[in-house]
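# Fold and geometry: a report
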2 protein chains.
Amino acid sequence: MTQTVTLSLDDAYQLAHRALRSNGFSAAHAHAVAQNVTTGERDGCASHGLYRVLGCVRSLWAGKVSADAEPKLIDTAPAILHVEAGNAFSLVAYQTALPVFIEKVRHCGIAALAINHCVHFSALWADIEPLIEQGLVALACTPSHAWVTPAGGTQPLFGTNPIAFGWPRPQQPHFIFDMATSAAARGEIELHRRAGKPLPEGWGLDQQGQPSTDATSVLQGAMLTFGGHKGSALAAMVELIAGPLIGDMTSQESLAYDEQTGSSPYGGELIIAMDPQRFLGAEQKAHFARAENLFANMQEQGARIPGERRFQARQHSQRFGVTLPQNLYNEIVALCQ
Amino acid sequence: MTQTVTLSLDDAYQLAHRALRSNGFSAAHAHAVAQNVTTGERDGCASHGLYRVLGCVRSLWAGKVSADAEPKLIDTAPAILHVEAGNAFSLVAYQTALPVFIEKVRHCGIAALAINHCVHFSALWADIEPLIEQGLVALACTPSHAWVTPAGGTQPLFGTNPIAFGWPRPQQPHFIFDMATSAAARGEIELHRRAGKPLPEGWGLDQQGQPSTDATSVLQGAMLTFGGHKGSALAAMVELIAGPLIGDMTSQESLAYDEQTGSSPYGGELIIAMDPQRFLGAEQKAHFARAENLFANMQEQGARIPGERRFQARQHSQRFGVTLPQNLYNEIVALCQ
């Protein structure tokens with residue numbers, strides 16, 4: 001049986017914060033990262049939870065992330081804001097840009113935020129949630145490392161290229177999805193490898209470009225997109241709009257930059273937000289009731305509203321704390337010298 | 001063997017135009033529709049080609065589309081433009097809005113166009129192409145009729161909800177994809193039914209909510225989204241952002257409005273466009289070269305660039321014309337009294 005440690009959310013945050021500060025991250029970056037990984041753990045997403053602290057520190061040791069860069073805002077158009085992260089994690093840059101970005105969205109009705117030159121490890125649902133909580137509709141995407149082959153190809157080119165989307169719901173958990181455009185997350189394949197379990201069909205190809213269910217072969221070969229050529233088209237779109245369009249790297253460039261240090265992807269993130277008030281004015285309430293009908297129809301027939309499970313996990317964690325494997329806990333404690 | 005008729009693009013346009021004018025469409029609407037269906041036929045998309053003239057006339061006879069509405073522009077925010085189609089087909093409304101919309105995109109950097117209260121039958125790739133040709137990056141989506149069940153459900157709720165995206169390429173056919181978020185287009189299921197052929201697995205459910213490969217059962221039951229719960233999440237996003245967000249119908253409301261006349265979907269379309277110049281300024285050329293690297297990498301390993309096949313069909317049609325089944329040609333001629 002796996003030994004575990006249960007921590008309150010505050011203790012989880014403090015542990016992450018201590019490990020990050022001990023290794024040289026500035027107060028601002030340590031706070032943002034610790035808050036983010038605690039949020040992931042709280043919402044039942046262990047893959048974006050406290051275990052990320054290990055990777056964050058490893059990226060710093062490898063010289064692949066700045067410990068203390070201060071973000072700079074660059075206003076390029078009425079509805080476009082760039083924030084230069086200066087090789088640091090995306091989070092402090094995003095938080096710095098957020099108030100100015102929201103002003104642009106409220107003023108113009110729709111606006112785009114480009115986070116540039118950042119190291120990216122966080123879940124996109126957590127990035128868009130602050131916008132949804134302000135009553136805005138938002139969309140985010142980011143390339144990653146070149147691990148995924150385009151439909152019809154055999155070589156890794158695209159990242160796992162997640163897309164997140166959120167819709168605000170009054171008095172209800174918001175509708176928020178966050179999905180990789182790859183058939184599976186890379187972390188899931190890694191978990192199959194560790195457990196010695198075969199992969200489901202359709203997750204990847206081996207180094208010869210043949211379909212494979214062997215996790216090690218797929219990790220060395222190429223992952224596949226979800227949904228065949230349609231998922232592949234969406235993955236390409238993410239490469240383009242969160243790469244060259246915002247003046248930043250593709251997944252292939254990010255992987256080359258990594259120099260096999262195993263650090264998180266480096267490059268940009270694009271966030272687009274829309275203000276329903278500016279689309280609908282006084283009629284917003286009536287039209288948003290249509291969306292609630294849609295959700296009710298989904299639930300009546302047993303379809304899940306994206307985000308529901310995270311919200312349930314959140315309520316549980318707020319009451320009972322979060323549970324980490326003992327060895328993960330020990331590894332993080334060992335980083336707190 | 002099927003008898004066919006080959007027409008020059010101009011003759012194809014004239015035939016469509018005559019049929020539409022003869023049945024009462026105004027000059028502006030007849031021109032826009034005839035141009036659109038000729039474009040579909042030209043690019044090898046028979047499902048958005050001249051056969052659509054039959055449906056357009058049927059919608060008019062059923063009282064489900066205006067023959068002559070004049071669009072009205074409504075400017076709700078610096079980066080939002082609504083165009084009220086007044087129950088007519090979307091095309092004249094879109095063409096009227098286009099110059100004002102492009103101005104907004106160039107000024108703000110990103111902008112949204114909502115086409116409201118339109119009957120929608122046209123391919124989205126044709127809608128975004130004029131934006132891509134102006135050097136803009138664009139995205140379009142629209143709900144349709146409630147034919148598709150959400151992942152985990154059994155009843156039709158979503159439309160086939162297409163998403164189109166385009167990226168401008170200098171001296172190359174543009175990168176443009178246009179895909180239904182359903183596993184297959186409804187027209188493809190209809191073609192299987194006519195041919196008495198079983199459907200591939202994963203396209204739909206029968207009326208009892210069980211997986212079925214019988215086309216008639218699926219047409220009466222529910223279609224499935226592509227890519228399981230991920231495709232379903234995207235279909236829901238389209239319902240929301242091209243429905244309630246822009247003050248227009250969901251696919252379920254559109255189907256109810258249709259009253260079983262078999263008319264095209266009624267509601268809204270959302271188009272979002274971004275100006276790379278406003279994101280990148282003088283550095284656009286360098287960053288767009290990154291995108292070309294991505295495309296070259298795709299092609300080197302045998303992956304297709306979306307839009308390539310349409311562009312090849314276009315070149316062929318411009319030289320040799322388009323070929324219609326004789327019975328379709330006869331049906332359209334019969335509409336030209």
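Going by the annotation in an unreviewed UniProt entry, the name recorded for chain A is Oxidoreductase, with Chania multitudinisentens RB-25 given as the source organism. For chain A, the Sequence similarities (unreviewed entry) comment in UniProt is given as "Belongs to the LDH2/MDH2 oxidoreductase family."

### Let's talk about the domain arrangement of chain A
Residues and elements named next belong to chain A. With domains assigned, chain A is organised as domain 1 (4-61 + 307-335) and domain 2 (72-182 + 225-280). Computed over C-alpha atoms, the centres of domain 1 and domain 2 are 22 Å apart. Counting residues at the interface gives 22 residues for domain 1 and 16 residues for domain 2. Carbon and sulfur atoms make up 62% of the surface buried where domain 1 meets domain 2, a total of about 1600 Å² over both sides.

### Structural notes on the side chain of Thr149(A)
Within the secondary structure layout, Thr149(A) lies in the loop between strand E5 (137-141) and strand E6 (163-167). Classification of Thr149(A) as buried rests on a relative accessible area of 1%. Side-chain polar atoms of Thr149(A) contact the backbone nitrogen of Thr154(A), separated by 3.1 Å. At a separation of 3.0 Å, a polar atom in the side chain of Thr149(A) contacts the main-chain carbonyl oxygen of Gln155(A). In this structure Thr149(A) touches Thr154(A), Gln155(A), Pro156(A), Leu157(A), Leu205(A), Ala222(A), Met223(A), Leu224(A), Thr225(A) and Gln301(B), once residues within four positions along its chain are discounted.

### Considerations on the relation of the copies chain B and chain A
Note that the two copies of the chain are related through a rotation about an axis and a translation along the same axis. Under the fitted operation, chain B is carried onto chain A by 0.0 Å of movement along the axis and a turn of 180°, and the coordinates agree to an RMSD of 0.0 Å. Expressed as a symmetry operation, the mapping of one chain copy onto the other fits a two-fold axis. Residue Gly227(B), judged by its C-alpha, is the member of chain B lying nearest the rotation axis, at 2.0 Å. The share of interface residues of chain B whose copies in chain A are also at the interface is 100%, consistent with both copies meeting through the same surface.

### Here we look at unusual backbone geometry
All names here are of chain B. Its identity is not glycine, yet Gln171 carries a phi of approximately 60°, on the positive side. Here Gln171 shows up in the loop between strand E6 (163-167) and strand E7 (175-179). Classification of Gln171 by relative accessible area gives exposed; the value is 79%. In the Ramachandran plot, Gln260 falls in the positive-phi region, its phi being about 55° despite a non-glycine side chain. If you trace the backbone, Gln260 turns up in the loop between helix H9 (251-258) and strand E10 (266-274). With relative accessibility at 81%, the residue Gln260 sits in the exposed group.

### Topic: the interface of chain B and chain A
Opposite the 69 residues of chain B that make contact, chain A presents 69 residues. Carbon and sulfur atoms supply 74% of the area buried between chain B and chain A, which totals about 5600 Å² over both sides. Along the contact surface separating chain B from chain A lie 2 salt bridges. Of the charged contacts in the structure, one is a salt bridge between Glu253(A) and Arg290(B), with a shortest N-O distance of 3.1 Å.

### Considering the nonpolar core
Counting residues in hydrophobic clusters, the biggest one holds 158 residues, and the most contacted among them are Leu131(A), Trp167(A), Leu131(B) and Trp167(B). Residues contacting Leu131(A), with those up to four places away along its chain left out, are Tyr94(A), Leu98(A), Phe101(A), Ile102(A), Leu136(A), Ala138(A), Ile271(A) and Ala273(A). In terms of nonpolar packing, the next biggest core, distinct from the first, is built from 36 residues, Ala16(B), Leu91(B), Phe121(B) and Cys336(B) among them.

### Quick look at the packing of aromatic side chains
Residue and element names in this part refer to chain A. If you walk through the whole model with that rule in mind, you get 17 aromatic pairs over all chains. Summarising the aromatic geometry, the rings of Phe89 and Phe121 are spaced 5.0 Å apart at their centres and angled 80° between planes, so their arrangement reads as edge-to-face. On the criterion of sequence distance, the pair formed by Phe89 in the loop between strand E3 (80-84) and helix H4 (90-108) and Phe121 in the loop between strand E4 (110-119) and helix H5 (124-132) is long-range, its members being 32 residues apart. Taken individually, Phe89 and Phe121 each receive the classification buried, so the pair is uniform in this respect.

### Brief notes about the pattern of salt bridges
Residues and elements named next belong to chain B. Inspection of every chain in the model, using the stated rule, returns 18 salt bridges over all chains. A salt bridge links Arg106 to Asp275; its shortest N-O distance comes to 3.5 Å. You can see Arg106 sitting in helix H4 (residues 90-108) and its partner Asp275 sitting in the loop between E10 and helix H10 (276-280), a full 169 residues away along the chain. Take Asp275: its relative accessible area is 5%, and that puts it in the buried class.

### What to know about the sheet that holds E6(B)
All names here are of chain B. Spatial strand order, E2-E3-E4-E10-E5-E6-E7: 7 strands in an open sheet with mixed pairing. Edge positions in the sheet fall to strand E2 (72-77) and E7, since each of these pairs with one other strand and no more. For this sheet the average axis-to-axis angle between neighbouring strands, irrespective of direction, equals 15°. With 5 bridges joining them, strand E3 (residues 80-84) and strand E4 (residues 110-119) adopt parallel strand pairing. The residue bridging Ile80 from the neighbouring strand is Ala112, located in E4. Together, E2, E3, E4 and E10 form the strand contacts of H4, whose direction differs from that of E4 by roughly 170°.

### Remarks on the packing of H4(A) against H5(A)
Packed helices, taken two at a time, are described by their axes: the angle between them and the distance between them. Residues and elements named next belong to chain A. Packing of H4 against H5 leaves a shortest axis separation of 11 Å and a crossing angle of 25°. For the element pair H4 / H5, the angle class is roughly parallel. The interaxial crossing formed by H4 with H5 has right-handed handedness. Along its contact with H4, which presents Leu91, Tyr94, Leu98, Phe101 and Ile102, the element H5 presents Asp127, Ile128, Pro130 and Leu131. Partitioned by chemical class, the residues of the contact of H4 with H5 number 8 nonpolar, no polar and 1 charged.

### Some details on the sheet that holds E4(A)
All names here are of chain A. Pairing is mixed in the open sheet, where 7 strands are placed in the order E2-E3-E4-E10-E5-E6-E7. Each edge of the sheet is formed by a strand with only one pairing partner; in this case those strands are strand E2 (72-77) and strand E7 (175-179). Across the sheet, the mean angle from the axis of one strand to that of its neighbour is 15°, orientation sign disregarded. In this sheet, E6 lies alongside E5 in antiparallel orientation, the contact comprising 4 bridges.

### Remarks on the side chain of His145(A)
All names here are of chain A. Of note, His145 is situated in the loop between E5 and E6. Looking at His145, its side chain comes within polar contact range of the side chain of Ser254, at 2.9 Å. Filtering out sequence-adjacent residues up to four positions away, His145 remains in contact with Phe158, Gly159, Thr160, Ser251, Ser254, Leu255, Asp258, Ser263, Ser264, Pro265 and Tyr266.

### Section: helix H6 (residues 186-195) of chain B
Residue and element names in this part refer to chain B. Listing the buried residues of H6 in full gives Arg186, Ile189 and His192. The arc that holds every buried residue of H6, seen down its axis, measures 120°, which confines them to one face. H6 presents Leu191, Arg194 and Ala195 as exposed residues on the side facing more than 90 degrees away from its buried surface. Looking at the buried positions of H6, the neighbouring elements they touch are helix H7 (215-220) and strand E9 (222-223). Downstream of H6 by a residue or two, Gly196 has a phi angle that is positive, lying close to 65°.

Thresholds applied
Residues numbered from 1 in each chain as written. Chains lettered and ligands numbered in written order. Predicted model: local features only at pLDDT ≥ 70, side-chain atom pairs only at ≥ 80, totals over all residues. Heavy atoms only, no water. UniProt positions renumbered as here; feature names shortened; annotations may be inferred. Domains from an automatic or database assignment. Contact = heavy atoms within 4.5 Å. Buried area = accessible area lost by both parts, 1.4 Å probe. Helix = DSSP H or I, 4+ residues; strand = E, 2+ residues; numbered from the N terminus. Buried < 20%, exposed > 50% of the residue type's maximum accessible area, 1.4 Å probe, protein only. Polar contact = N/O pair within 3.5 Å; in protein donor to acceptor, adjacent residues only side chain to side chain. Least-squares fit on C-alpha atoms with pLDDT ≥ 70 in both. Salt bridge = Lys/Arg side-chain N within 4 Å of Asp/Glu carboxyl O. Core = buried A, V, L, I, M, F, W, Y, C linked by side-chain atoms within 4.5 Å. Phe/Tyr/Trp six-rings, centres within 6.5 Å; stacked < 30°, edge-to-face > 60°. Pairing = 2+ DSSP bridges. Axes fitted to C-alpha atoms, helices over the stretch in contact; angles between N-to-C directions. Parallel < 35°, antiparallel > 145°, perpendicular 65-115°, else oblique. Left-handed = near helix turned anticlockwise from the far one by under 90°. Nonpolar A, V, L, I, M, F, W, Y, C, P; charged D, E, K, R; others polar. Arc of directions from axis to C-beta.

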